[in-house]
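# Working through the structure, step by step
If you want the building blocks of each chain, they are given just below.
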Amino acid sequence: MSINAHQSAVPAGTGTASVTDRLVEANRRYAEQFRDPGMDARPVLHVAVVACMDARLDLHKALGLELGDCHTIRNAGGVVTDDTIRSLTISQRALGTRSVVLIHHTGCGLESLTEEFRTELEEEVGQRPTWAVESFRDVDQDVRQSMRRVRTSPFLAHTDDVRGFVFDVHTGLLREITNE
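Residues numbered from 1 in each chain as written. Predicted model: local features only at pLDDT ≥ 70, side-chain atom pairs only at ≥ 80, totals over all residues. Heavy atoms only, no water.

## Observations concerning the overall build of the protein
Scanning the protein from N- to C-terminus turns up five helices and five strands. Overall, the protein shows an N-to-C arrangement of helices and strands of α-β-α-β-α-β-α-α-β-β. Burial statistics for the protein: of 180 residues in total, 34% are counted as buried. Contacts spanning at least 24 positions in sequence make up 60% of the contacts within the protein whose residues lie at least 6 apart. In the protein, which carries 20 positive and 27 negative side-chain charges, the distance between the mean positions of the two groups comes to 4 Å. (Helix = DSSP H or I, 4+ residues; strand = E, 2+ residues; numbered from the N terminus. Buried < 20%, exposed > 50% of the residue type's maximum accessible area, 1.4 Å probe, protein only. Contact = heavy atoms within 4.5 Å. Lys, Arg positive; Asp, Glu negative; His and termini not counted. Charge placed at Lys NZ, Arg CZ, Asp CG, Glu CD.)

## Things to note about the sheet that holds strand 5 (residues 174–177)
Either a parallel or an antiparallel arrangement is found when strands of a sheet pair, and the pairing is made through backbone hydrogen bonds. Across the sheet, five strands lie side by side as 2-1-3-4-5; this open sheet has mixed pairing. Only two strands of the sheet have a single neighbouring strand rather than two, namely strand 2 (70–75) and strand 5. If you compare each strand with its neighbour and ignore which way they point, the axes differ by 25 degrees on average. As defined by bridge partners, strand 1 (residues 47–52) adjoins strand 2 across six bridges and the pair is classed as parallel. Note on strand 2: the bridge partner recorded for Val-49 is Thr-72. Sitting on the sheet, helix 3 (residues 82–93) is in contact with strand 1, strand 2 and strand 3 (99–105), with an inclination near 175 degrees to strand 2. (Pairing = 2+ DSSP bridges. Axes fitted to C-alpha atoms, helices over the stretch in contact; angles between N-to-C directions.)

## Re the pairing of strand 3
Within strand 3, seven of the seven residues are buried, leaving the element largely enclosed by the surrounding structure. Residues Ser-99, Val-101, Ile-103 and His-105 of strand 3 are buried on one face, and the alternating residues Val-100, Leu-102 and His-104, pointing to the opposite face, are buried as well. Where strand 1 meets strand 3, five bridges bridge the pair, whose relative direction is parallel. Paired with Val-49 across the bridge in strand 3 is Val-101. Both strand 3 and strand 4 (residues 162–167) contribute to a ladder of six bridges, which runs parallel. The residue bridging His-104 from the neighbouring strand is Val-166, located in strand 4.

## Topic: the layout of surface pockets
Reported here for the largest pocket is a volume of approximately 230 Å³. As for the largest pocket, its lining consists of Asn-75, Ala-76, Val-79, Thr-81, Leu-110, Leu-113, Phe-117, Trp-131, Ala-132, Val-133 and Glu-134. (1 Å grid on protein atoms, 1.4 Å probe; cavity = no way out; pocket = protein on both sides within 12 Å on 5 of 7 lines; lining within 4 Å. Points joined across faces, edges and corners; volume = space filled by probe spheres on them.)

## Thoughts on the environment of Arg-151
Along the chain, the position of Arg-151 falls in helix 5 (residues 139–151). Through-space distance from the C-alpha of Arg-151 to that of Val-49 is 15 Å; in sequence the pair is 102 residues apart. For Arg-151, the contacting residues outside a window of four places in its chain are Thr-159, Val-162 and Asn-179. In this structure the side chain of Arg-151 is engaged in a polar contact, spanning 2.5 Å, whose partner is the backbone oxygen of Val-162. (Polar contact = N/O pair within 3.5 Å; in protein donor to acceptor, adjacent residues only side chain to side chain.)

Rendered as structure tokens:
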């Protein structure tokens, strides 16, 4: 049963397990069968994948990846932020990746947000977020912007193999975005 089926779980302590309790229980069952694969942190395919955190994207299945094949960096929108560059820099310089694959997707929630979201948060909590929402209207253009951010970062040692794609959440297919 998927986690989504349990979104209305009652908080712990009321007799019904919370979503986190269910995850911890699933981990216990996983650990019973787990065998250390003997890998280190260096990805076998020397690739880092930057993608949206959207729950509809099963990156390993969609890309035919196995445990240990890649580094996966996910955030809202799959946007290349300073923290994404930090992770890519460590991935390349300390752990040997050479290729970067960027994956945005159709129907992304960031297409319906604006920077006004930050103002609303400030009004609600009394403090303005230091981060940008990074919302967008054109997913192809946002992939191009992400590719530019990777290719122009002075911290990244390998920027010659950077490719961007849009994953179609209805068909499961990737569509490559060119630099145009």
